[in-house]
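# Understanding the architecture of this molecule
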Amino acid sequence: MRIDWSAAEQFLAYADGEATLDAVWGHPAYDVVRSHAELLGRDLSRSDVARALEGEETTFSGVGTLDGNREQVAAVLDHVRANEGAWTGEIERQLARITPDADRSEVDVYLGIGYSLGVGLEPGAYLNLAAPLFLDRPREVLYAAIHESSHVVYERFHHSRSELGPEDFETREGQERVFDTVFHTEAYATYTPLALRRTDGNLGSRDHPMHEDYRVLSEPERLGKLVAEYDSVRESLKSEALDRETFIRSLFGGSRLPYRVGCALLERIEETRGVEAVREAFYLDSTDFYERYDPLLDEYRGCT
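It should be emphasised that the depicted structure is a prediction, and the values quoted were computed from it without experimental measurement.

## Overview of the nonpolar core
- Within the largest apolar cluster, 100 residues are counted, with the highest numbers of intra-cluster contacts made by Phe11 and Phe289.
- Discounting chain neighbours no more than four positions away, the residues touching phenylalanine 11 are Val24, Tyr30, Val49, Leu53, Phe60, Val63, Leu66 and Ile113.

## Things to note about the packing of helix H9 (residues 172-191) against helix H16 (residues 286-293)
- Look at H9 against H16: their axes get within 8 Å of each other, and the N-to-C directions meet at 75 degrees. Considering their axes alone, H9 and H16 lie roughly perpendicular with respect to each other. Touching Asp180, Thr181, Phe183, His184 and Tyr188 of H9 are Ser286, Thr287, Phe289 and Tyr290, all from H16.
- A breakdown of the residues in the contact of H9 with H16 according to their chemical character gives 4 nonpolar, 4 polar and 1 charged.

## Comments concerning the packing of aromatic side chains
- Tallied over the full model, the rule gives 14 aromatic pairs.
- Note on phenylalanine 11 and tyrosine 14: the rings are 5.9 Å apart at their centroids and 75 degrees apart in plane angle, and the pair reads as edge-to-face. You can see phenylalanine 11 and its partner tyrosine 14 sitting in helix H1 (residues 6-15), 3 residues apart, about one turn around the helix. For the pair phenylalanine 11 and tyrosine 14, one class covers both residues: buried.
- Among the aromatic residues, those joined into a ring-pair cluster are Tyr154, Phe157, Phe179, Phe183, Tyr188, Tyr230, Phe282, Tyr283, Phe289 and Tyr293.
- Residue placement shows arginine 34 over the ring face of tryptophan 25; its charged tip is 4.5 Å from the ring centre.

## Some details on the pairing of strand S3 (residues 118-121)
- Taking every second residue as pointing to the same face, both faces of S3 are buried, with Gly118 and Gly120 on one and Val119 and Leu121 on the other.
- As judged from the 4 bridges shared by S3 and strand S4 (residues 124-128), these two strands associate in the antiparallel manner. Within the sheet, the bridge partner assigned to glycine 118 lies in S4 and is leucine 127.
- Following S3, the chain reverses through 2 residues before pairing antiparallel with S4.

## Description of helix H3 (residues 28-39)
- Helix length check: H3, at 12 residues, gives a terminal C-alpha distance of 17 Å against a target of 16 Å (1.5 Å per residue), a fit within 8%.
- Regarding H3, the residues found buried are Ala29, Tyr30, Val32, Val33, Ser35, His36, Ala37 and Leu39.
- Buried residues in H3 make contact with H1, helix H2 (21-25), strand S2 (108-112), S3, S4 and helix H8 (160-163).

## Observations concerning the environment of alanine 29
- As for its placement among the helices and strands, alanine 29 is situated in helix H3.
- For the pair formed by alanine 29 and valine 109, sequence separation is 80 residues and the distance between their alpha carbons is 8.5 Å.
- In this structure alanine 29 touches Ala7, Tyr110 and Tyr126, once residues within four positions along its chain are discounted.

Calculation rules
- Residues numbered from 1 in each chain as written.
- Predicted model: local features only at pLDDT ≥ 70, side-chain atom pairs only at ≥ 80, totals over all residues.
- Heavy atoms only, no water.
- Core = buried A, V, L, I, M, F, W, Y, C linked by side-chain atoms within 4.5 Å.
- Buried < 20%, exposed > 50% of the residue type's maximum accessible area, 1.4 Å probe, protein only.
- Contact = heavy atoms within 4.5 Å.
- Axes fitted to C-alpha atoms, helices over the stretch in contact; angles between N-to-C directions.
- Helix = DSSP H or I, 4+ residues; strand = E, 2+ residues; numbered from the N terminus.
- Parallel < 35°, antiparallel > 145°, perpendicular 65-115°, else oblique.
- Nonpolar A, V, L, I, M, F, W, Y, C, P; charged D, E, K, R; others polar.
- Phe/Tyr/Trp six-rings, centres within 6.5 Å; stacked < 30°, edge-to-face > 60°.
- Lys NZ or Arg CZ within 6 Å of the ring centre and 35° of its normal.
- Pairing = 2+ DSSP bridges.
- Expected span 1.5 Å × (residues − 1).

Bear in mind that shape data such as this cannot, by itself, settle questions of function.
Here is the structure:
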């Protein structure tokens with residue numbers, strides 16, 4: 001387990017005119033970013049980085065306010081450096097609780113600037129230190145690192161990135177596979193930091209989508225509505241493909257169904273069958289996971 005902040009340092013040097021765009025673009029952290037963008041069919045180029053730094057809205061994004069937040073970004077970076085040893089140990093402990101038998105060796109958590117809040121694929125995890133959530137509360141970097149590291153471990157076993165591509169977002173059969181896979185991996189990524197968040201007393205205290213993922217766990221009526229929406233998406237996919245934007249929203253948009261319903265489902269599994277069942281379910285095929293455990297969501301069906 002390693003936290004590597006050199007990409008963030010390099011990006012700041014680039015913003016100061018002390019490093020080249022080529023140096024930023026060639027950093028392994030941005031290999032993870034490019035792979036994620038490619039999976040979702042997003043066009044991402046070197047010029048997007050330069051234009052984003054100038055304040056344009058591009059696929060890279062997330063850096064337009066860097067000038068105004070420069071001191072905050074530096075403070076977050078200092079906070080991570082000061083806590084590196086404790087945090088790498090905590091990430092390892094939380095991953096080991098949920099996936100004790102998975103390959104957790106040499107997981108790289110890259111800290112950079114730009115793109116989305118965080119992504120995780122087989123080559124490593126990436127976090128955007130300029131994300132407002134991190135600037136407001138640096139400990140959120142730790143929770144996000146656990147979340148994205150869970151994706152890394154998931155990909156090492158399931159290799160879904162190599163089995164899915166942008167074309168799967170267009171057909172009914174492909175969308176079913178994508179929905180099952182995203183539901184499975186985001187369920188685990190959201191659930192893995194839950195125990196630490198509870199210990200810290202940090203569940204849904206801020207107005208942010210990631211905090212809403214946890215706040216709904218204590219609101220059965222809201223969960224009932226989310227499960228109804230989740231059921232509706234699955235029912236629709238039995239007969240036809242959704243248009244691409246609608247499908248993307250069902251995965252990552254407002255309701256964040258894989259995160260919220262998925263996390264609630266794993267909580268039900270642990271409550272009713274124990275943590276060992278949660279551990280074993282990690283290795284199931286994503287469709288088998290859905291078919292085996294979906295009935296546990298009946299707890300919330302009819303709660304609206």
